[in-house]
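Summary of the model geometry
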Amino acid sequence: MEAAAAAVLPALVPSQSAVGASSLISRVVVLLAYLGYLAVAGAILPGKLVAGAVLPDSSRLHYRCNGTPAAAAIARTMLPPGPIPEFPGQTAALLRVIFLHHFDVRFPQVCSRSCCFWGSLRWVPTWVGCLQRNVPNDKVSFALYFAGLQSRHKSSSLKPHVSGNFLQDWWLGVQLNPHFMGVDLKFFFVRAGMMAWLFINLSLFAKSYLAGSVNLSVILYQFFCGWYIIDYFVHEEFMTSTWDIIAERLGFMLVFGDLVFIPFTFTIQGWWLLRNKVELPLLAAVANCCIFVIGYLVFRGANKQKHVFKKDPKALIWGKPPKVVGGKLLASGYWGIARHCNYLGDLLLALSFSLPCGASSVIPYFYPTYLLILLIWRERRDEARCSQKYKEIWVEYCKLVPWRILPYVY
């Protein structure tokens, strides 16, 4: 294993000299190649074709869920040419998905350079100038906004939703599911961000491995995040029934969140562990694992139950016929415990990603803190939307399931 790692890993970790020598044009080319590959791979690689949720006009979009083969294929192309050394056991599966040649490993500089890299995409409305002063405030950041205003489509996916408030429409978006050259941009951006998160993390792992600083904290953090991201792609079809896909319009908030925020802030713990050695006690590690497992079971179980219910309202939930309010709202399983039980699972997972960093600083806890604020805000918006949509049925459901996220607390 040592010989195999020595042959492969040095070519895969971030190269400081490569970053310093690369120009803005080269970063744009790399970024466009990455996104272009994902667009082509999403169209041609095999994958399950999943029907999305029924939209208000009774139409349904269809999604090709092939994120797993897309990630595997791009990972192989990022390895150096020639035969791949053999690694024992599951080590090969981990090390073969490390790439990230284009990022410095110095934490203070990563945000500015990373945002410059991802913000170079000309037709994506990302306001990267606020994070990197050397990136011009390009007017193409408003491309989706103006394209949505000019849309004459009447379908739920492409019909413009204009409130008259410019900032609100620019921030939240105008169209529900805009497309570009046949690509569903909302589904596409999430995939790009999640895949980048995985590759950045594994590049950090390669750097730690070569530096001899891999310890229990690093292993737990990498395993938890890796499991979460790969599980996302394995169960990518569940994404088609989430709030982001069926309710959120595509504006600056989602685009910036997917392409910049996810890959370059959700990896803060990895950068922290690269610069700070944290010796995690065994008891703390066991507790961390318990939090991760509980969070994963709640998060994945709740999303799966909702997805299955939308496809087949009569499918058994925990071995029993589902309890349904008004013929529309699921009140069984996790959804009989709290109205947004999946948010609780997501928060526990986020906490488990940060706990390996110890308690010496609040910096690694940015992700769970941010997620808590985001999900409470989203839960309030979802409650208002459901109250307006379901009316008396929603009132009855709230009486049956009084807790919003955390039973007996909130």
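Keep in mind that this is a model prediction, so the values were computed, not measured.

1. Brief notes about the pattern of salt bridges
- Per the counting criterion, the structure on display carries 11 salt bridges.
- Glu379 is the salt-bridge partner of Arg380, the closest N and O atoms lying 3.5 Å from each other.
- A residue is classified by how much of its surface remains accessible, and Arg380, at 47% relative accessible area, is partly exposed.
- With its nearest N and O atoms 2.4 Å apart, the salt bridge here joins Arg404 to Glu379. Of this pair, Arg404 sits in the segment after helix H17 (392-400) while Glu379 sits in helix H16 (residues 366-390); the two residues are 25 residues apart in sequence, bridging distant segments of the chain.

2. A short note on the UniProt feature "transmembrane region" (unreviewed entry) in the protein chain
- The UniProt record marks residues 31-55, 188-206, 212-230, 250-274, 280-299 and 347-367 with the feature "transmembrane region" (unreviewed entry), using the residue numbering of this structure.
- From the first C-alpha to the last, residues 212-230 spans 26 Å; its make-up is 79% helix and 0% strand.
- In residues 280-299, the share of helix is 90% and the share of strand is 0%. The end C-alpha atoms are 25 Å apart.

3. Comments concerning the packing of aromatic side chains
- Scanning all chains against the criterion turns up 29 aromatic pairs.
- On the numbers, 6.2 Å between centres and 85 degrees between planes, the contact of Trp197 with Tyr367 is edge-to-face. Of this pair, Trp197 sits in helix H9 (residues 185-211) while Tyr367 sits in helix H16; the two residues are 170 residues apart in sequence, bridging distant segments of the chain.
- With relative accessibility at 0%, the residue Trp197 sits in the buried group.
- Residue classification places Tyr367 among the buried positions, given a relative accessible area of 3%.
- Between the aromatic rings of Phe252 and Phe256, the centroid separation amounts to 5.2 Å while the plane-to-plane angle is 25 degrees, which identifies the pairing as stacked. Here Phe256 and Phe252 lie together in helix H12 (residues 252-265), a separation of four residues that amounts to about one turn. In this structure, Phe252 and Phe256 share a single accessibility class: buried.
- Above the face of the Trp377 ring, Arg381 is positioned so that its terminal group lies 4.4 Å from the ring centre.

4. With respect to H9
- With 27 residues, H9 extends 39 Å between its outermost C-alpha atoms, agreeing within 8% with the 39 Å of an ideal straight helix rising 1.5 Å per residue.
- Where H9 begins, the capping side chain belongs to Asp184, and its oxygen is found 3.3 Å from the backbone nitrogen of Lys186.
- With its phi angle positive at about 70 degrees, Gly212 sits one or two positions after the end of H9.

5. Description of the nonpolar core
- Counting 80 residues, the largest nonpolar core has Tyr34, Met194, Met195, Trp197, Tyr228 and Phe353 as the members making the most contacts within it.
- In terms of residue count, H9 provides more of this core than any other element does, 16 residues in total.
- Grouped together as the second largest cluster of nonpolar side chains are 18 residues, Ile317, Ala331, Tyr334 and Cys341 included.

6. Concerning the packing of helix H10 (residues 216-234) against helix H14 (residues 282-311)
- Packing of H10 against H14 leaves a shortest axis separation of 11 Å and a crossing angle of 5 degrees. Considered as vectors, H10 and H14 are oriented roughly parallel to each other. Packed against H10, whose contacting residues are Leu216, Leu220, Phe223, Phe224, Trp227, Tyr228, Asp231 and Tyr232, the element H14 presents Ala285, Asn288, Cys289, Phe292, Tyr296, Phe299 and Arg300 at the interface.
- Its residues assigned to classes, the contact of H10 with H14 shows 12 nonpolar, one polar and two charged.

7. Looking at the packing of H12 against H16
- Two numbers describe how H12 lies on H16: the axes approach to 13 Å, and their chain directions differ by 155 degrees. The pairing of H12 with H16 is recorded here as roughly antiparallel in orientation. Crossing geometry of H12 relative to H16 is assigned as left-handed. Residues Met253, Phe261 and Thr265 of H12 form the contact with H16, whose own contacting residues are Phe366, Tyr370, Trp377 and Arg381.
- Of the residues assigned to the contact of H12 with H16, the class counts are five nonpolar, one polar and one charged.

8. Observations concerning unusual backbone geometry
- In this structure, Trp318 is a non-glycine residue whose phi angle is positive, near 55 degrees.
- Mapping Trp318 onto the fold places it in the loop between H14 and strand S5 (324-325).
- A relative accessible area of 53% means that Trp318 is categorised as exposed.
- In this model, Lys391 sits at a positive phi of 55 degrees, which is unusual for a non-glycine residue.
- With respect to the helices and strands, the residue Lys391 is situated in the loop between H16 and H17.
- Accessibility expressed as a relative area gives 48% for Lys391, which makes it partly exposed.

9. Some thoughts on a nonpolar patch on the surface
- Taken together, the side chains of Phe146, Leu149 and Val162 make up a nonpolar region of the molecular surface, amounting to roughly 250 Å² of accessible area.
- Within the secondary structure, Phe146 is located in helix H7 (residues 143-150).

10. Comments concerning the environment of Gln222
- Relative to the assigned elements, Gln222 resides in helix H10.
- Under the relative-accessibility criterion, Gln222 is labelled buried at 8%.
- On a C-alpha basis, the gap between Gln222 and Leu198 in space is 9.2 Å, while along the polypeptide they are 24 residues apart.
- Contacts of Gln222, omitting those with residues within four sequence positions, involve Asn201, Leu202, Leu204 and Phe205.

Calculation notes
Residues numbered from 1 in each chain as written. Predicted model: local features only at pLDDT ≥ 70, side-chain atom pairs only at ≥ 80, totals over all residues. Heavy atoms only, no water. Salt bridge = Lys/Arg side-chain N within 4 Å of Asp/Glu carboxyl O. Buried < 20%, exposed > 50% of the residue type's maximum accessible area, 1.4 Å probe, protein only. Helix = DSSP H or I, 4+ residues; strand = E, 2+ residues; numbered from the N terminus. UniProt positions renumbered as here; feature names shortened; annotations may be inferred. Phe/Tyr/Trp six-rings, centres within 6.5 Å; stacked < 30°, edge-to-face > 60°. Lys NZ or Arg CZ within 6 Å of the ring centre and 35° of its normal. Expected span 1.5 Å × (residues − 1). Polar contact = N/O pair within 3.5 Å; in protein donor to acceptor, adjacent residues only side chain to side chain. Core = buried A, V, L, I, M, F, W, Y, C linked by side-chain atoms within 4.5 Å. Axes fitted to C-alpha atoms, helices over the stretch in contact; angles between N-to-C directions. Parallel < 35°, antiparallel > 145°, perpendicular 65-115°, else oblique. Contact = heavy atoms within 4.5 Å. Nonpolar A, V, L, I, M, F, W, Y, C, P; charged D, E, K, R; others polar. Left-handed = near helix turned anticlockwise from the far one by under 90°. Patch = residues over 30% accessible without salt bridge, like charges linked within 9 Å, V, L, I, M, F, W, Y side chains within 5 Å. Areas by Shrake-Rupley, 256 points an atom, 1.4 Å probe, with all protein chains shown as cover.

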